[in-house]
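Working through the structure, step by step
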Amino acid sequence: ISKLFTTTAIMMLYEQGNFRLEDPVAEHIPEFAVNGKSEVTIKQLLTHTSGFTSGIPIHLQPGDREDRIRMVLTHGLLNEPGTTYLYSDLNMITLGALIEHWSGMRQDQFVSRYITEPLGMKDTMYNPPARLKHRIAATEFQANVDRGLVWGEVHDEKAWSMDGVAG
């Protein structure tokens, strides 16, 4: 459900006047402009028409969360922006980077402070504490990244490699 929180957070920041939907992403995060992405708009990220490929294996690359975000921001496109619908995690990760850029907070902190806490959603969060593990269903067995049974952590490898916090 992180995608719902990501888009809700983006639209909250839109309502605050931080951007226009037709703004190029690079207007707000200049490093995004490389590799033919200077005209990709925030609306195109939201509608999965940015031209990004469906995903890249950032979880297999060395580095930390910031390095992985930078990999996404500087990655090239598969399609001409605005021409093709293709669901992409890269759109959502970029939207998460925009949330962090405008709010000055990590995405999980923003979602907690402005969405889940005000709604009284006390058991909805990124990276739940170990004390809640008994209430969380295991999601899968991941031998490919040597995680074993994934239980109480995000199962998506990209989000997991980004400290459990990604769009």
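Structural notes, computed from the coordinates. (Residues numbered from 1 in each chain as written. Predicted model: local features only at pLDDT ≥ 70, side-chain atom pairs only at ≥ 80, totals over all residues. Heavy atoms only, no water.)

**Quick notes on the environment of Glu31**
Mapped onto the elements of the fold, Glu31 is located in the loop between helix H1 (2-15) and helix H2 (42-46). Apart from residues lying up to four places away in sequence, Glu31 is in contact with Arg70, Leu73 and Thr74. (Helix = DSSP H or I, 4+ residues; strand = E, 2+ residues; numbered from the N terminus. Contact = heavy atoms within 4.5 Å.)

**Some words on helix H5 (residues 107-116)**
Turning to H5, its buried residues are Gln107, Asp108, Phe110, Val111, Ile115 and Thr116. Taken around the axis of H5, the buried residues stretch over an arc of 155 degrees, which confines them to a single face. Residues of H5 that are buried in the fold lie against H1 and helix H4 (89-103). (Buried < 20%, exposed > 50% of the residue type's maximum accessible area, 1.4 Å probe, protein only. Arc of directions from axis to C-beta.)

**Observations regarding the side chain of Gln142**
Residue placement: Gln142 occurs in strand S1 (residues 140-142). Residue class for Gln142 comes out buried when judged on its relative accessible area of 1%. In terms of polar contacts, Gln142 uses its side chain to reach the side chain of Glu140, at 3.2 Å. Excluding anything up to four places from it in sequence, Gln142 contacts Arg147, Gly148, Val150, His155 and Glu157. (Polar contact = N/O pair within 3.5 Å; in protein donor to acceptor, adjacent residues only side chain to side chain.)

**Side note on H4**
Under the 1.5 Å per step criterion, the end-to-end length of H4 is 21 Å for 15 residues, consistent within 8% with the ideal 21 Å. For H4, the N-terminal cap is Ser88; the gap from its side-chain oxygen to the backbone nitrogen of Leu90 is 3.0 Å. Residue Gly104 follows H4 closely and has a positive phi angle near 75 degrees. (Expected span 1.5 Å × (residues − 1).)

**Examining the packing of aromatic side chains**
Tallying each qualifying case throughout the model produces four aromatic pairs. Ring geometry for Tyr14 and Phe19: centres 5.5 Å apart, planes at 55 degrees, overall tilted. Ring geometry for Phe19 versus Trp102: centroids 4.4 Å apart, planes at 5 degrees, classification stacked. In this pair, Phe19 is assigned in the loop between H1 and H2 and Trp102 in helix H4, connecting sequence segments 83 residues apart. A relative accessible area of 6% places Phe19 in the buried class. Three or more aromatic residues link up through ring pairs in this structure, and these residues are Tyr14, Phe19 and Trp102. (Phe/Tyr/Trp six-rings, centres within 6.5 Å; stacked < 30°, edge-to-face > 60°.)

**Let's talk about the nonpolar core**
Judged by nonpolar contacts, the single largest core of 34 residues is most densely connected at Leu45 and Leu98. A per-element tally of this core places H4 first, with eight residues. In this structure Leu45 touches Val25, Phe32, Val40, Ser50, Phe52, Asn91, Thr94, Leu95 and Leu98, once residues within four positions along its chain are discounted. (Core = buried A, V, L, I, M, F, W, Y, C linked by side-chain atoms within 4.5 Å.)

**Considerations on a nonpolar patch on the surface**
On the surface, Phe141, Leu149 and Trp151 cluster together into a nonpolar patch covering about 350 Å² of accessible area. Counting through the fold element by element, Leu149 comes out in strand S2 (residues 148-150). (Patch = residues over 30% accessible without salt bridge, like charges linked within 9 Å, V, L, I, M, F, W, Y side chains within 5 Å. Areas by Shrake-Rupley, 256 points an atom, 1.4 Å probe, with all protein chains shown as cover. Salt bridge = Lys/Arg side-chain N within 4 Å of Asp/Glu carboxyl O.)

**Examining the pattern of salt bridges**
Under the criterion given, the structure shown has 10 salt bridges. Between Arg65 and Glu66 there is a salt bridge, with its nearest N and O atoms 3.7 Å apart. Judged by relative accessible area, Arg65 falls into the buried class, the value being 4%. A residue is classified by how much of its surface remains accessible, and Glu66, at 42% relative accessible area, is partly exposed. A network of salt bridges, in which partner residues are shared, links Arg65, Glu66 and Glu100.

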